Amino acid sequence: MATHARTADDDLVEFRGEADRLARVHEEMLASVAALGPAMHAVARGASPQLARATQAQENLYDRIDAQFGLLDSAAAGRRLGSSAGRPGNAALQARAEGRLVALKRGARLYFPGFQFDADGRPLAVIGDLVRTAAAAGRSERGLVEWLSSPSSFFDGVPPAVYLADDPTAVAEAASSAFGTAW
């Protein structure tokens, strides 16, 4: 078995790779700063550091939801529902209006988390139950989506959304318990 002795060339290649990665991170930071400045300036009264952190935390959560479950715009959600109409997004918007789907508002657009569809693209029946449970507890649609997507002690640190298709009763019971808790 031959072993490869590390050479100066190996170290140089590794160093260049790390330098390239750091340069990309630096460029991303500069782009973020360039975008944040005008956005914060556009707010009439300014944004407090706390508000900026809360907004960033929300965006990070939405990015995690997208990475784990997918976030579909209304047209993609409508196509997932099987709509072949010229405006498939109307099917998703109608299902949301009927309480069969939930969506997140991100900027001016609505996005539908992928966890609420079965393998055939139909809305999971439990979503309607969860929407009613959340509303009865005074929880917002966004609050429900965030609860479904966040690690939960009810499921040993796993987001409830992971169990929507396989154990909808457990998710509905956990939601009733979580939303009914008064502090």
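Nothing here was measured: the structure is a model prediction, and the numbers come from that model.

Enquirer: Would you take a moment to explain the pattern of salt bridges for this structure?
Expert: Oppositely charged side chains may form a pair once their charged atoms are brought near each other. For the structure shown, the criterion picks out ten salt bridges. The partner of E59 in a salt bridge is R106, and the shortest N-O contact between them spans 2.8 Å. Of this pair, E59 sits in helix α2 (residues 49–69) while R106 is found in strand β2 (residues 104–106), placing the two residues 47 residues apart along the sequence. Two residues, R96 and E141, come together in a salt bridge whose shortest N-O distance is 2.6 Å.

Enquirer: Would you take a moment to explain the sheet that holds strand β3 (residues 109–113) for this structure?
Expert: The pairing of strands in a sheet comes from backbone hydrogen bonds and takes either a parallel or an antiparallel form. If you trace the three strands from one edge of the open sheet to the other, you get β1-β3-β2, paired in antiparallel fashion. Among the strands making up the open sheet, the edge pair consists of β1 (71–73) and β2. Averaged over all pairs of adjacent strands, the angle between their axes in this sheet comes to 45°, without regard to strand direction. Alignment of β1 against β3, held across three bridges, turns out to be antiparallel. Across the sheet, L72 pairs through a bridge with F112, a residue of β3.

Enquirer: What exactly am I supposed to notice about the nonpolar core here?
Expert: Inside soluble globular proteins, nonpolar side chains tend to come together where they are buried. Ranked by internal contacts, the top residues of the largest apolar core, which has 27 residues, are I65, L130, L144, W147, L148 and L164. If you list the elements that add at least two residues to this core, you get α2, α5 (125–136), α6 (141–149) and α7 (168–180). If you tally residues by element for this core, the top one is α7, at six residues. With residues near it in sequence (within four places) discarded, I65 still touches G70, L71, L104, P113, V145 and S149. Ranked by size, the runner-up nonpolar core spans eight residues in total, among them A77, A95, F112 and F117.

Enquirer: I keep staring at the packing of aromatic side chains and nothing clicks. Help me out?
Expert: Given two aromatic rings, their pairing is described by the distance between the two centres and the angle made by the two planes. By the definition in use, this model includes three aromatic pairs. On the basis of an interplanar angle of 65° and a centroid distance of 5.3 Å, the ring pair of W147 and F179 is categorised as edge-to-face. Of this pair, W147 sits in helix α6 while F179 sits in helix α7; the two residues are 32 residues apart in sequence, bridging distant segments of the chain. Between the aromatic rings of F155 and Y163, the centroid separation amounts to 4.9 Å while the plane-to-plane angle is 20°, which identifies the pairing as stacked.

Enquirer: Is there a simple way to explain the environment of L144 in this structure?
Expert: Here L144 shows up in helix α6. L144 gets classed as buried once you look at its relative accessible area, which sits at 2%. In this view, L144 contacts V102, L130, V131, A134 and F179; residues no more than four positions away in its chain are not counted.

Enquirer: What should I look at first to understand the pairing of β3 in this one?
Expert: Remember that side chains alternate between the two faces of the sheet whenever the strand is regular. Direction of pairing for β2 relative to β3: antiparallel, over a ladder of three bridges. Note on β3: the bridge partner recorded for L104 is Y111.

Enquirer: Just to check I follow, could you spell out the packing of α2 against α6 for this structure?
Expert: Each pair of packed helices can be described by the angle between their axes along with the distance between the axes. Running from N to C, α2 and α6 point in directions that differ by 60°, and their axes come no closer than 11 Å. Considering the angle they form, α2 stands oblique to α6. Every pair of crossing elements has a handedness; the one defined by α2 and α6 is left-handed. When α2 is examined against α6, the residues Q58, L61, Y62, I65 and F69 are found in contact with a partner set consisting of R142, V145, E146 and S149.

Cut-offs used in this document
- Residues numbered from 1 in each chain as written.
- Predicted model: local features only at pLDDT ≥ 70, side-chain atom pairs only at ≥ 80, totals over all residues.
- Heavy atoms only, no water.
- Salt bridge = Lys/Arg side-chain N within 4 Å of Asp/Glu carboxyl O.
- Helix = DSSP H or I, 4+ residues; strand = E, 2+ residues; numbered from the N terminus.
- Pairing = 2+ DSSP bridges.
- Axes fitted to C-alpha atoms, helices over the stretch in contact; angles between N-to-C directions.
- Core = buried A, V, L, I, M, F, W, Y, C linked by side-chain atoms within 4.5 Å.
- Buried < 20%, exposed > 50% of the residue type's maximum accessible area, 1.4 Å probe, protein only.
- Contact = heavy atoms within 4.5 Å.
- Phe/Tyr/Trp six-rings, centres within 6.5 Å; stacked < 30°, edge-to-face > 60°.
- Parallel < 35°, antiparallel > 145°, perpendicular 65-115°, else oblique.
- Left-handed = near helix turned anticlockwise from the far one by under 90°.

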